[in-house]
Amino acid sequence: MSNSKKNAHLTKKQFKLLEDKVLAEIERIETKLAIDKKNHLELSANSSGKDEVDSANDDILKHTELRFQTRETLYLKKLKKTRIQMIETKEYGHCEDCGSSISFQRLQARPTSNMCIACKEESERDEFQSFHGRQSKSLGQQVNLVGRI
Ligand SMILES: [Zn+2]
């Protein structure tokens, strides 16, 4: 398989712009996580002399914080995966589902995009339908049409 034609839809300048964006995001999240960790360590150091009620509250706080951190950490993982794709493979900017190229505009809005709009919309529609399957509009219209005939 030849890699030479991959990413042909992105100019060098566009690719560089996206690369910088991903790097900036990695730096932003890493800094944020480091600050959170530092604050958290200071918080637990200060709470060592407290009674049980306070430490229960601390646990809730810790839990909320951890959930938030998990989301950030997942995003960071995705950014790093994107970064590796940018450097090591030429797969970046292509849909994981159908392999077609993802537009620069879409990548600019979301550099970690790994699906083209068509596939993304399809997967979101599937998700939506599993939640709201019973209220399908198109199905209702079809029923009306059948009723008229
Ligand atoms: Zn696709």
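Just so we're clear, the structure is a prediction, and the values are computed from it rather than from any experiment. (Residues numbered from 1 in each chain as written. Predicted model: local features only at pLDDT ≥ 70, side-chain atom pairs only at ≥ 80, totals over all residues. Heavy atoms only, no water.)

Undergrad: So what exactly am I meant to see when it comes to the overall build of the protein chain here?
TA: Scanning the protein chain for helices and strands turns up 5 helices and 0 strands. For the protein chain, the succession of helices and strands along the chain, N to C, is α-α-α-α-α. Buried positions account for 22% of the 149 residues belonging to the protein chain. Look at the contacts in the protein chain between residues 6 or more apart in sequence, and 61% of them connect residues 24 or more apart. Approximately 11500 Å² of the protein chain is accessible, and the part contributed by carbon and sulfur atoms is 55%. (Helix = DSSP H or I, 4+ residues; strand = E, 2+ residues; numbered from the N terminus. Buried < 20%, exposed > 50% of the residue type's maximum accessible area, 1.4 Å probe, protein only. Contact = heavy atoms within 4.5 Å. Areas by Shrake-Rupley, 256 points an atom, 1.4 Å probe, with all protein chains shown as cover.)

Undergrad: Please clarify how the coordination of the zinc ion should be interpreted in this entry.
TA: Perfect tetrahedral coordination of a metal by four donors corresponds to 109.5 degrees between them, and perfect octahedral coordination by six donors corresponds to 90 or 180 degrees. Protein ligation of the zinc ion involves Cys95 (SG), Cys98 (SG), Cys116 (SG) and Cys119 (SG), the donor distances falling in the range 2.3 Å. Given 4 donor atoms and angles of 105 to 115° at the metal, the environment of the zinc ion is assigned as tetrahedral. Counting the intervening residues between successive donors of the zinc ion yields the motif C-x2-C-x17-C-x2-C. Accessibility assignment for this pair places Cys116 and Cys119 in one class, buried. (Donors = N, O, S within 2.8 Å, 3.2 Å for Na, K, Ca; no water. Tetrahedral: all angles 85-135°; square planar, octahedral: opposite > 155°, others 65-115°.)

Undergrad: So what exactly am I meant to see when it comes to the pattern of salt bridges here?
TA: Once the charged atoms of two side chains with opposite charge are near each other, the side chains can pair. For the structure shown, the criterion picks out 7 salt bridges. One salt bridge in this structure joins Lys16 and Asp20, with 3.0 Å as the shortest N-O distance. Of this pair, Lys16 and Asp20 are both found in helix H1 (residues 12-46), 4 residues apart, which corresponds to roughly one turn of the helix. Taking relative accessible area as the criterion, Asp20 reaches 37% and is therefore assigned partly exposed. (Salt bridge = Lys/Arg side-chain N within 4 Å of Asp/Glu carboxyl O.)

Undergrad: Got a minute to help me understand H1 in this structure?
TA: Every α-helix winds through 3.6 residues per turn, so residues three or four apart in the chain are directed the same way. Taking 1.5 Å of rise per residue, 35 residues should cover 51 Å, and H1 covers 51 Å from first to last C-alpha, within 8% of that figure. When H1 is considered as a whole, its buried residues turn out to be Phe15, Leu18, Glu19, Val22, Glu25, Ile26, Ile29, Leu33 and Asp36. (Expected span 1.5 Å × (residues − 1).)

Undergrad: Please explain a negative patch on the surface as it appears in this structure.
TA: A cluster of acidic residues, Asp97, Glu121, Glu122, Glu124, Asp126 and Glu127, forms a negative patch at the surface. Here Asp126 shows up in helix H4 (residues 117-132). Residue classification places Asp126 among the partly exposed residues on the basis of a relative accessible area of 47%. (Patch = residues over 30% accessible without salt bridge, like charges linked within 9 Å, V, L, I, M, F, W, Y side chains within 5 Å. Lys, Arg positive; Asp, Glu negative; His and termini not counted. Charge placed at Lys NZ, Arg CZ, Asp CG, Glu CD.)

Undergrad: Mind showing me how you'd approach the packing of aromatic side chains here?
TA: Pairs of aromatic rings are described using the distance from one ring centre to the other and the angle between the two planes. Across all of its chains, the model carries 1 aromatic pair by this definition. Ring centres 6.0 Å apart and planes at 80° place the aromatic pair Phe15 and Tyr92 in the edge-to-face group. Of this pair, Phe15 sits in helix H1 while Tyr92 sits in the loop between helix H2 (52-87) and helix H3 (104-109), placing them 77 residues apart in sequence. Across this residue pair, the class does not change: Phe15 and Tyr92 are buried. (Phe/Tyr/Trp six-rings, centres within 6.5 Å; stacked < 30°, edge-to-face > 60°.)

Undergrad: Help me understand the nonpolar core, please; the structure alone is not making it clear to me.
TA: Nonpolar side chains tend toward joint burial in soluble globular proteins. Leu10, Leu18, Met86, Tyr92 and Leu107 are the most contacted members of the largest nonpolar core, which has 17 residues in total. Secondary-structure elements contributing two or more residues to this core are H1, H2 and H3. In contact with Leu18, other than residues within four places in its own chain, are Leu10, Met86, Tyr92, Phe104, Leu107 and Gln108. (Core = buried A, V, L, I, M, F, W, Y, C linked by side-chain atoms within 4.5 Å.)

Undergrad: When you look at the confidence of the model for the protein chain in this model, what are you seeing that I'm missing?
TA: Do not read the fine detail of predicted coordinates wherever pLDDT is low. Counting all residues, the mean pLDDT for the protein chain is 80, and 77% of those residues have values of 70 or more. By mean pLDDT, helix H5 (residues 137-148) is the weakest element of the protein chain at 49, and H3 is the strongest at 94. For residues 1-5, every residue scores under 50 in pLDDT, and the model assigns this stretch 2 contacts once sequence neighbours within four places are set aside. (pLDDT = per-residue confidence, 0-100.)

Undergrad: I tried to follow the environment of Lys21 on my own but got confused; where do I start?
TA: For Lys21, the location among the structural elements is in helix H1. If sequence neighbours within four positions are ignored, Lys21 has contacts with Gln108 and Pro111.

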